[in-house]
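# Architecture and fold: a report
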Amino acid sequence: MSEDRMQKIVSLCKRRGFVFQSSEIYGGLKSAYDYGPLGIELKRNLMQEWWTDTVHRRHNVVGLDTSIIMHPDVWKASGHLAGFSDPLVDCLVCKERFRADKAPQVAEGQPAPLAFPDKGKAKLALSLIQEKLGVELERMKKVLRGATGNARGYVCPNCGSPFLSDERQFNLMFRTSLGPVDPTGELAGVIARGELDGLDERAIKARIDAQLKPSAVYLRPETAQGMFVQFANVQSSLAMKIPFGIAQMGKSFRNEVTTKNFIFRSCEFEQMEMEFFCRPGEDDQWLEYWKEARMSWWRRYANQPDDFRLRAHEPSELAHYAKGCFDVEYRFPWGFDELEGIANRTDYDLKKHQEYSKSKLSYFDPETRERYLPYVIEPAAGATRGVLAFLNDAYTEDTVPDAQGKAQTRTVLKLHPRLAPIKVAVLPLVKKDGMPELGRALADAFLARGINASYDETHAIGKRYRRHDEIGTPWCLTIDKQTLEDGSITLRDRDTTEQERISQDQAVAVIFEKLGA
């Protein structure tokens, strides 16, 4: 059921212009997605709601936009260069690459059935296992039986195979070079001169790294470090007093490839992060404040608020820099998974950047006359994961009567109006009698007020209603014969399908008020 629901959401996203596979006409690029005309509106609306709540409604939080490429020493200080790697494993059957620490658990000796999308793939896998691994299994339709868990205690999350490669460390940062000279040219010279001859693998890798290092830079794996690096500039330029926050939205990059769960995990994604600097000793109360504030924000836009939960990290889960951490999790079709982390990072980051940069990043409190490194509470949310969560929350199939009164199933996205890509659709009943002209004028009036409106005159009125239900448009305004007589129009509600007559002259004000509410 959960897989079926996810497939329906993915299909709707492509069909209606929310999300496309990146470079699809060239076969696509794994773990990369493009946001279509409606998807970008949904994502921007979500991020704008976050920005408004986090920055514009608070006196003590300001914004920042730091560069994607930063000085490589930033990543040394933060620990990303040395430790930002995951133990990854390749499935020897389906070739899925996955994180060992996130894989499904199967105890040694317990049954480990392998499941595939269809019988054909199951047959191919059965032959591969027999020929390459020398293991005899039994096929029952799409499932291979007879394998058991091994000493590792986990299996492939894609097919369930216990036949896996060794664990290997993969650095998750994208490395590139800065400067007009291609460093591989010099490297080619080193190889041509035979300077690597006779060296073992470790020595060759060290020599290559040394050759690439002078021009090496990285695409940021998170937005947080830019805010720590600019802490002193932001604080002094605006004379900010502790406690205060610095917020940032933007793209981050992680060099991991996964084909599961659609846009939940991708190599290029957008974050909504805030670093809240506070006095040591007051950090616990601010952690409590922000975890409640962030949970309230997510639930505010949900049809099913109980599908969002707050989970405290166990001591064994905590990052080395964290004093405490909570995850906002959402009930996705595959189960609860992380949307946002709210962590007490103590003074770890400022202390590290102060140490590596030799710059003073402490704060002087004018009231107590003390100088100290602030503690930091970090609410860090995934915008792209938020998009998927609200698409799932909104996706609904219900039954409504058609023009003849017969029950029919409709697909509707019950998105919160402030998140909906299109707020209102203006629909002339027919393409004559001056109705299109009135409709275009009304749609233009909405656009002039900054309300995203769509003028739609294609197909019968019932099909247009269903189309806008499916893309989440909260309200449809229909211009008909009565409009020509008394200036009233039909206002149709997406969720209830109920209709009422309102004045055409008041339409913009009515929708504006509904959006505000």
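Remember, predicted model here, so these are calculated numbers, not experimental data.

Turning our attention to the overall build of the chain. Looking only at helices and strands, the chain has 16 helices and 27 strands in total. Its C-alpha atoms give the chain principal-axis dimensions of roughly 90 × 75 × 50 Å. By the burial criterion, 47% of the 517 residues in the chain qualify as buried. Long-range contacts, defined as pairs at least 24 residues apart, comprise 67% of the intrachain contacts of the chain with a sequence gap of at least 6. For the chain, the accessible surface area stands at approximately 26,000 Å², while carbon and sulfur atoms represent 50% of it. In the chain, the 72 positive side-chain charges and the 74 negative ones have mean positions that sit 3 Å from each other.

For an α-helix, the turn length of 3.6 residues means that residues three or four places apart are oriented alike. If you check which residues of helix 11 (residues 348-357) are buried, you get Tyr 348, Asp 349, Leu 350 and His 353. As for helix 11, its buried residues are in contact with helix 3 (72-78), helix 8 (224-229), helix 9 (231-238), strand 14 (268-278) and strand 17 (335-346). At the C-terminal side of helix 11, Lys 358 shows a positive phi close to 65°.

Let's shift gears to the sheet that holds strand 23 (residues 424-428). Strand order in the open sheet formed by 5 strands is 24-23-25-26-27, with mixed pairing between adjacent strands. Sheet topology places strand 24 (453-455) and strand 27 (499-503) at the edges, where each strand pairs with a single neighbour. Ignoring which end each strand starts from, the neighbouring axes of this sheet average 25° apart. Relative to strand 27, strand 26 (residues 488-493) is paired through 5 bridges, and the arrangement is antiparallel. Bridge pairing in strand 27 links Thr 490 to Arg 501. Of the strands in this sheet, strand 23, strand 24, strand 25 (475-479), strand 26 and strand 27 touch helix 14 (residues 461-471), which is tilted by about 170° from strand 23.

Note the cis peptide between Ile 242 and Pro 243, where omega equals 5°. Residue position: Pro 243 is located in the loop between helix 9 and strand 13 (244-253). A positive phi angle, close to 60°, is found at Lys 141, a residue other than glycine. On the basis of relative accessibility, which here comes to 61%, the residue Lys 141 falls in the exposed class. Unusually for a residue other than glycine, Asp 433 sits at a positive phi of about 60°.

In terms of burial, strand 16 (residues 324-332) is a largely internal element, 8 of the 9 residues being buried. Where strand 15 (residues 308-312) and strand 16 come together, 5 bridges link them in antiparallel fashion. Paired with Leu 310 across the two strands is Val 328, which belongs to strand 16. The sheet contact formed by strand 16 and strand 17 spans 9 bridges and is antiparallel. When the bridges of strand 17 are listed, Phe 326 appears paired with Ile 342. Where strand 16 folds back on strand 17, the antiparallel hairpin that results is connected by 2 residues.

Right, let's talk about the packing of aromatic side chains for a bit. Tallied over the full model, the rule gives 24 aromatic pairs. When the ring of Phe 98 is compared with that of Tyr 154, the centres are 6.3 Å apart and the planes differ by 85°; the resulting orientation is edge-to-face. With Phe 98 in strand 6 (residues 97-99) and Tyr 154 in the loop between strand 9 (143-145) and strand 10 (168-171), this pair connects stretches of sequence that are 56 residues apart. Across the pair, exposure class does not vary: Phe 98 and Tyr 154 are buried alike. With a centroid separation of 5.8 Å and an interplanar angle of 20°, the aromatic rings of Trp 298 and Phe 390 are classed as stacked. With Trp 298 in helix 10 (residues 283-300) and Phe 390 in helix 12 (residues 383-394), the pair connects residues that are 92 residues apart, well separated along the chain.

All right, on to the layout of surface pockets then. The volume enclosed by the second largest pocket comes to roughly 410 Å³. Around the second largest pocket, the lining comprises 14 residues; the ones closest to its centre are Leu 81, Arg 175, Asp 209, Ala 216 and Tyr 218. Looking at the lining of the second largest pocket, the elements with two or more residues in it are helix 3, helix 7 (201-212) and strand 12 (216-219). Residues that form the lining of the second largest pocket fall into these classes: 6 nonpolar, 2 polar and 6 charged.

What follows covers the side chain of Gln 235. Summarising the element assignment, Gln 235 is placed in helix 9. Within the structure, Gln 235 has its side chain in polar contact with the backbone oxygen of Met 240 (distance 2.9 Å). Non-local contacts of Gln 235, meaning those with residues more than four positions away in its chain, are made with Met 240, Phe 244 and Tyr 363.

The next thing to look at is helix 12. The terminal C-alpha atoms of helix 12, which comprises 12 residues, lie 16 Å apart, in line with the 16 Å expected from a rise of 1.5 Å per residue. Across the 12 residues that make up helix 12, a large majority, 12, are buried. Buried residues of helix 12: Ala 383, Thr 384, Arg 385, Gly 386, Val 387, Leu 388, Ala 389, Phe 390, Leu 391, Asn 392, Asp 393 and Ala 394, and no others.

Our next topic: the pattern of salt bridges. Tallying each qualifying case throughout the model produces 40 salt bridges. Arg 501 is the partner of Asp 480 in a salt bridge, and the nearest nitrogen-oxygen pair spans 2.8 Å. Here Arg 501 lies in strand 27 and Asp 480 lies in the loop between strand 25 and helix 15 (481-486), a separation of 21 residues in the sequence. Assessed through its relative accessible area of 14%, Asp 480 is described here as buried.

Here the focus is the nonpolar core. Counting residues in each nonpolar core, the largest one holds 56 residues, and the members touching the most others are Phe 18, Trp 298 and Phe 390. Secondary structure elements with two or more residues in this core: helix 1 (2-15), helix 2 (37-56), strand 14, helix 10, strand 16, strand 17, strand 20 (375-382) and helix 12. The residues contacting Phe 18, other than those within four sequence positions of it, are Leu 12, Cys 13, Asp 34, Tyr 35, Gly 36, Leu 38, Gly 39, Leu 42, Leu 391, Leu 413, Pro 421 and Ile 471. Counting 19 residues, the second largest nonpolar core, distinct from the first, contains Phe 98, Ala 100, Ala 122 and Cys 159.

Thresholds applied
- Residues numbered from 1 in each chain as written.
- Predicted model: local features only at pLDDT ≥ 70, side-chain atom pairs only at ≥ 80, totals over all residues.
- Heavy atoms only, no water.
- Helix = DSSP H or I, 4+ residues; strand = E, 2+ residues; numbered from the N terminus.
- Buried < 20%, exposed > 50% of the residue type's maximum accessible area, 1.4 Å probe, protein only.
- Contact = heavy atoms within 4.5 Å.
- Areas by Shrake-Rupley, 256 points an atom, 1.4 Å probe, with all protein chains shown as cover.
- Lys, Arg positive; Asp, Glu negative; His and termini not counted.
- Charge placed at Lys NZ, Arg CZ, Asp CG, Glu CD.
- Pairing = 2+ DSSP bridges.
- Axes fitted to C-alpha atoms, helices over the stretch in contact; angles between N-to-C directions.
- Phe/Tyr/Trp six-rings, centres within 6.5 Å; stacked < 30°, edge-to-face > 60°.
- 1 Å grid on protein atoms, 1.4 Å probe; cavity = no way out; pocket = protein on both sides within 12 Å on 5 of 7 lines; lining within 4 Å.
- Points joined across faces, edges and corners; volume = space filled by probe spheres on them.
- Nonpolar A, V, L, I, M, F, W, Y, C, P; charged D, E, K, R; others polar.
- Polar contact = N/O pair within 3.5 Å; in protein donor to acceptor, adjacent residues only side chain to side chain.
- Expected span 1.5 Å × (residues − 1).
- Salt bridge = Lys/Arg side-chain N within 4 Å of Asp/Glu carboxyl O.
- Core = buried A, V, L, I, M, F, W, Y, C linked by side-chain atoms within 4.5 Å.

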